[in-house]
Amino acid sequence: HPHHLLRVVDQIVADLAQPLAKNNGVRLLLTPTAAALLVDQAYDPAYGARPLKRHIQKTIGTPVARMLVAREATGGSSITVDAREGELVFQLSREDTDMSVAEASD
């Protein structure tokens, strides 16, 4: 993948992560494998990186918001977004326990 696209993905995810950390005490982490998958899924040479933001909001922002509403992710939690078998996988870690929470099904 072009390196600049992975940086764009990292920046979009950082923009999602900042208010999560500030308002909820929840860390959002993205693995390089997940970043590469997001580029594969949403990058369009005709539109550039613009579709990435919408795609990331849908595939990461929405599931993370649901975790917050359901109180699965609370202060001190970390949500790591990884990719396995072409799917995004969300791993929720609390300071005392680790548990696999959800797999995106898009």
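On a predicted model such as this, the values are computed, not experimentally measured, just so you know.

The rules we used
Residues numbered from 1 in each chain as written. Predicted model: local features only at pLDDT ≥ 70, side-chain atom pairs only at ≥ 80, totals over all residues. Heavy atoms only, no water. Helix = DSSP H or I, 4+ residues; strand = E, 2+ residues; numbered from the N terminus. Buried < 20%, exposed > 50% of the residue type's maximum accessible area, 1.4 Å probe, protein only. Areas by Shrake-Rupley, 256 points an atom, 1.4 Å probe, with all protein chains shown as cover. Contact = heavy atoms within 4.5 Å. Expected span 1.5 Å × (residues − 1). Bend = angle between axes of the 7 residues up to and from the residue. Axes fitted to C-alpha atoms, helices over the stretch in contact; angles between N-to-C directions. Parallel < 35°, antiparallel > 145°, perpendicular 65-115°, else oblique. Left-handed = near helix turned anticlockwise from the far one by under 90°. Nonpolar A, V, L, I, M, F, W, Y, C, P; charged D, E, K, R; others polar. Core = buried A, V, L, I, M, F, W, Y, C linked by side-chain atoms within 4.5 Å. Pairing = 2+ DSSP bridges.

This next bit is on the overall build of the protein. Broken down by element type, the protein carries 3 helices and 4 strands. The 106 residues of the protein split such that 37% are buried. Approximately 6,400 Å² of the protein is accessible, and the part contributed by carbon and sulfur atoms is 50%.

Considering the arrangement of structural elements, one finds H55 in helix α3 (residues 50-69). Among all residues touching H55, those that are not within four sequence positions of it are L38, Q41 and A42.

Taking 1.5 Å of rise per residue, the 20 residues of α3 would be expected to cover 28 Å, and the 28 Å separating its terminal C-alpha atoms lies within 8% of that figure. The sharpest bend along α3 measures roughly 35 degrees and falls at Q57. By the burial criterion, the buried members of α3 are P51, L52, H55, I56, T59, I60, G61, P63, V64 and M67. At the C-terminal side of α3, R71 shows a positive phi close to 60 degrees.

Right, let's talk about the packing of helix α1 (residues 3-24) against α3 for a bit. Two numbers describe how α1 lies on α3: the axes approach to 10 Å, and their chain directions differ by 25 degrees. Comparing their axes, α3 and α1 come out roughly parallel. Between α1 and α3 lies a crossing of right-handed hand. Within the contact between the two elements, α1 uses V8, V9, I12, V13, L16, L20 and N24 and α3 uses L52, K53, I56, Q57, I60, G61, V64 and L68. A class-by-class count of the residues in the contact of α1 with α3 yields 11 nonpolar, 3 polar and 1 charged.

So, about the nonpolar core. By size, the foremost hydrophobic cluster in this structure holds 27 residues, and its most contacted members are V9, L28, I56, I60, I79, L88 and F90. Looking at this core, the elements that each hand over two or more residues are α1, α2 (32-42), α3, β2 (78-84) and β3 (87-93). With 7 residues, the top contributor of residues to this core is α1.

Buried within α2 we find A34, A35, A36, L37, L38, V39 and A42. Its buried side turned inward, α2 meets α1, β1 (27-30), α3, β2 and β3.

Across 4 bridges, β1 lies against β2 in parallel orientation. Considered in β2, the bridge of L29 is made with T80. In this structure, β2 lies alongside β3, joined through 7 bridges in antiparallel fashion. The partner of V81 across the bridge, within β3, is F90.

These figures come from the coordinates and say nothing about function on their own.
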